[in-house]
Structures are given as structure tokens and as C-alpha cells.
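One-letter residues, chain by chain:
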Amino acid sequence: MSALPALGGVSVDAARRALAATFKTHAIDNPELDARLLLGAALDLDLTGLITAANQTLTAEQAQRIDEWVARRAAGEPVARILGHKEFWSLSFELSPATLVPRPDTETAVQTALDILRDSGLSGEPIRIADIGTGTGAILLALLSELPKATGLGTDISREALETATRNAQRLGLADRAVFVESDYAAALTGPFDLMISNPPYIRSRDIEGLPLDVRAHDPHLALDGGDDGLEAYRVIAPQAAALLDRGAALVLEIGQGQTGDVARILMSAGLTLHGPPRTDLGGIQRVITARKTA
Ligand code: GLN
């Protein structure tokens, strides 16, 4: 496909404009940025490098690769899926079909956990963390990158996700402090933990078909589908956390839009105590809720 004119021998700058125009025609959200990201990856240049190279011409090989990527992006595949990796917490995470693309919103969960540990005086301690439904390992590995003495377990029911998370730990130099285990949420774990954290599936099953194409067609539904009311994962995780958390320790949960009240009730029914107000994400949506084991 691709309405692109042939790119071989064309300048980097002309190619960038042609890509952006193609994406605009296909109603892609960020045509200029996506053009830069794909072109930069094809030429192995960062955004500054691309500007410096504006007058260079593309080789036939580069042009062919870009042409293939442009067709995929124009058909709705996210840039992160095309390139196979995504930046989260300024770290690069390899993706697989079994993992979500880590979202900027989820950085709010990481920040919330770091704030709680700091307030509890635990940031420099050899604490134990569990990340439930770890996917790429993004949350756990971001935390370990900030907490030099912490160790962590990441669980997932997908073996493919666990392999991806393990490779991410190795590439980030965190493999000596992170272990990934196959588990239905926290069922296979033994406590106590000083922090439990999760971005579980929370989309109502019937809402999945209405999600944007880049999510619905490219993120694994297992990582999105929270059952009939979107809350099934929380009903499983809350009692598990109540059993596995050390006394005073926190459970930090990412939640979907409008789920604050329901998730708060689920946490309290499990015997946990809500901790502070929900945290909002970059879009102002209540995104993270925290509870502690007080008894
Ligand atoms: N935040 C994701 C979305 O935008 C959902 C992730 C999840 O269910 N945990 O669709």
C-alpha cells in the first residue's frame, strides 16, 4: 500500500514531509512525531540527529524499510509495535504480542509507589516488591532502577510476557534483583512484601471493541479485559494482597476511569485501609489508588 512516492535518493527532510503527509491522510493522531520516530529508527538517528541529517539522501535499503513501516503505521499499527520497543520511565522496554505497550499514565503508579516508600523511610532499604501482571516488567523494573537495594518479583500468566520481562531486566542490568514467575495474579507468591503494585486488566469486556484501533487490534486482550464490570482483577488481587503484604505495607493499583469508588470498596472489603486520595494521571483522570495493610 502506501501513497508514498518512491523514497530512494530522496532527502531525509523530504522523506519526513512525505511520511507526515501520508499519516495525515490516514488520520493518524501525531503525524509529524510518528514520521520523525520511524525515520529516526530507520536511520539510527535520534530526533536531533535527524535534523542534522536533513539534507542526506536515503539509500534504497533505507527507503524500502521505511516504506514497509509507513504502510503498517498507516494501517493503524502503533509506532511502538512496529519498532518493537517503547520508552517508559526513561528506560527502553522490548515488547511482545503478549505485553501491553507501557503507557505514560502508568508512570503515575510508579511515582506513587516511590513517594510512599520515601515517606516510610524505605527507599534505601532492602525491601521486597511484587508487581502483579507485569507484562514487559515496566513497573517493577522502573521501581528497581530507583531503589538500589530493593528486589522484586513480577508475575504474569503469559509465559511469553515473562520471557519478554526477563529480557528487559537483563538489558537494563537489573536481572540480579528481578525474578519473573508464572502466576495467576499473586496466587503463586509467598509473602511478606513491602510493596505490591499492579496495572491489571480493567476494561469492561463489552467496551473492548470500542477502544481505539491501536489498542484493540494490537494490545493483548488478556491484559485489557477486566470482565463484565471491569473489576474482576481487583476482586482477586485485593484479598491476595491482604494476605501477602507486611503490616503497614502498601498496595498500589492502577485503575480505569470512573472506578475509584468501586475499587475502594473492594479494597476495604478485603480488610485493607485506603491511603490518601487517588492520584490523577497526566490527563487529570483518577488513575491510581493505594491501600495499606494496617491490621
Ligand atoms: N490503560 C489501558 C488502555 O488505555 C488499559 C490497561 C489496562 O486495562 N490495565 O486501554
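Higher on the page you've got the structure.
Here is a short report on the structure shown in this document. (Residues numbered from 1 in each chain as written. Predicted model: local features only at pLDDT ≥ 70, side-chain atom pairs only at ≥ 80, totals over all residues. Heavy atoms only, no water.)

### Quick word on the overall build of the protein chain
Secondary structure assignment for the protein chain yields 11 helices and 10 strands. At 21 Å, the protein chain has a C-alpha radius of gyration in line with the 19 Å of a compact globule built from 295 residues. When the backbone C-alpha atoms are referred to their principal axes, the protein chain occupies close to 70 × 40 × 35 Å. Taken over 295 residues, the protein chain has a buried fraction of 51%. Considering only contacts within the protein chain whose residues lie at least 6 apart along the sequence, 66% involve residues at least 24 apart. Within the structure as shown, the protein chain displays about 13,500 Å² of accessible surface, and the carbon and sulfur contribution to it stands at 51%. Taken as two groups, the 27 positive and 38 negative side-chain charges of the protein chain have centres that lie 3 Å from each other. (Helix = DSSP H or I, 4+ residues; strand = E, 2+ residues; numbered from the N terminus. Rg over C-alpha atoms; globule rule 2.2 N^0.38 Å. Buried < 20%, exposed > 50% of the residue type's maximum accessible area, 1.4 Å probe, protein only. Contact = heavy atoms within 4.5 Å. Areas by Shrake-Rupley, 256 points an atom, 1.4 Å probe, with all protein chains shown as cover. Lys, Arg positive; Asp, Glu negative; His and termini not counted. Charge placed at Lys NZ, Arg CZ, Asp CG, Glu CD.)

### Looking at the nonpolar core
If you look at the biggest cluster of nonpolar residues, it comprises 35 residues, and the most contacted ones within it are Met196, Leu251 and Leu267. With 7 residues, the single largest contributor to this core is helix H10 (residues 232-244). Once residues lying within four places of it in the same chain are set aside, the contact partners of Leu267 are Ala238, Leu251, Leu253, Leu272, Leu274, Ile289 and Ala291. Ranked by size, the runner-up nonpolar core spans 32 residues in total, among them Leu91, Ile139, Leu162 and Leu195. (Core = buried A, V, L, I, M, F, W, Y, C linked by side-chain atoms within 4.5 Å.)

### Considerations on the site of the ligand
By nearness alone, every residue bordering the ligand is listed as Leu100, Arg103, Asn199, Pro200, Pro201, Tyr202, Ile203, Val215, Ala223 and Leu224. Here a nitrogen atom of the ligand sits 2.6 Å away from a polar atom, N or O, in the main chain of Pro200. Taken by itself the ligand offers 300 Å² of open surface, and the protein chains cover 87% of this. Looking at the shell around the ligand residue by residue, the classes come out as 8 nonpolar, 1 polar and 1 charged. (Near = heavy atom within 4 Å. Polar contact = N/O pair within 3.5 Å; in protein donor to acceptor, adjacent residues only side chain to side chain. Nonpolar A, V, L, I, M, F, W, Y, C, P; charged D, E, K, R; others polar.)

### Overview of the environment of Arg171
Structurally, Arg171 can be placed in helix H8 (residues 159-171). When the C-alpha atoms of Arg171 and Ala186 are compared, they prove to be 25 Å apart, with 15 residues separating the residues in sequence. In this structure, Arg171 is in contact with Ser92, Phe93 and Glu94, ignoring residues within four places of it in sequence. Of note is the side chain of Arg171, whose polar atom sits 3.0 Å from the side chain of Asn168.

### Topic: the pairing of strand E3 (residues 128-132)
The side chains of a regular strand alternate, first on one face of the sheet and then on the other. Counting buried positions along E3 gives 4 out of 5 residues, so the element sits mostly inside the fold. Here 5 bridges tie E3 to strand E4 (residues 151-156), and the two strands are oriented parallel to one another. Bridge pairing links Asp131 to Gly154 in E4. For the crossover that starts at E3, traverses helix H7 (residues 138-146) and ends in the parallel E4, the hand is right-handed. (Pairing = 2+ DSSP bridges. Right-handed = clockwise from strand over helix to strand, strands pointing away.)

### So, the pattern of salt bridges
Scanning all chains against the criterion turns up 19 salt bridges. Its salt-bridge partner being Glu32, residue Lys24 comes within 3.5 Å of it at the nearest N-O pair. Glu77 is the salt-bridge partner of Arg72, the closest N and O atoms lying 2.8 Å from each other. The exposure class of Arg72 is partly exposed, given its relative accessible area of 29%. Among the residues examined, Glu77 registers a relative accessible area of 14% and is labelled buried. Taken together, the shared-partner salt bridges connect Asp13, Arg16, Arg17, Lys24 and Glu32 into one network. (Salt bridge = Lys/Arg side-chain N within 4 Å of Asp/Glu carboxyl O.)

### Let's talk about the packing of H10 against helix H11 (residues 260-269)
The interhelical angle for the contact between H10 and H11, taken along N-to-C directions, is 30 degrees, at an axis separation of 8 Å. Taken together, the axis directions place H10 and H11 in an arrangement best described as roughly parallel. Read as a crossing pair, H10 and H11 show a hand that is right-handed. Contact residues: Tyr234, Arg235 and Ala238 in H10; Val263, Ile266 and Leu267 in H11. (Axes fitted to C-alpha atoms, helices over the stretch in contact; angles between N-to-C directions. Parallel < 35°, antiparallel > 145°, perpendicular 65-115°, else oblique. Left-handed = near helix turned anticlockwise from the far one by under 90°.)

### Structural notes on the side chain of Arg73
Along the polypeptide, Arg73 turns up in helix H4 (residues 60-74). Accessibility expressed as a relative area gives 9% for Arg73, which makes it buried. With residues up to four places along the chain from it excluded, the contact list for Arg73 reads Phe23, Ile28, Asp34, Leu38, Pro78, Val79 and Ile82.

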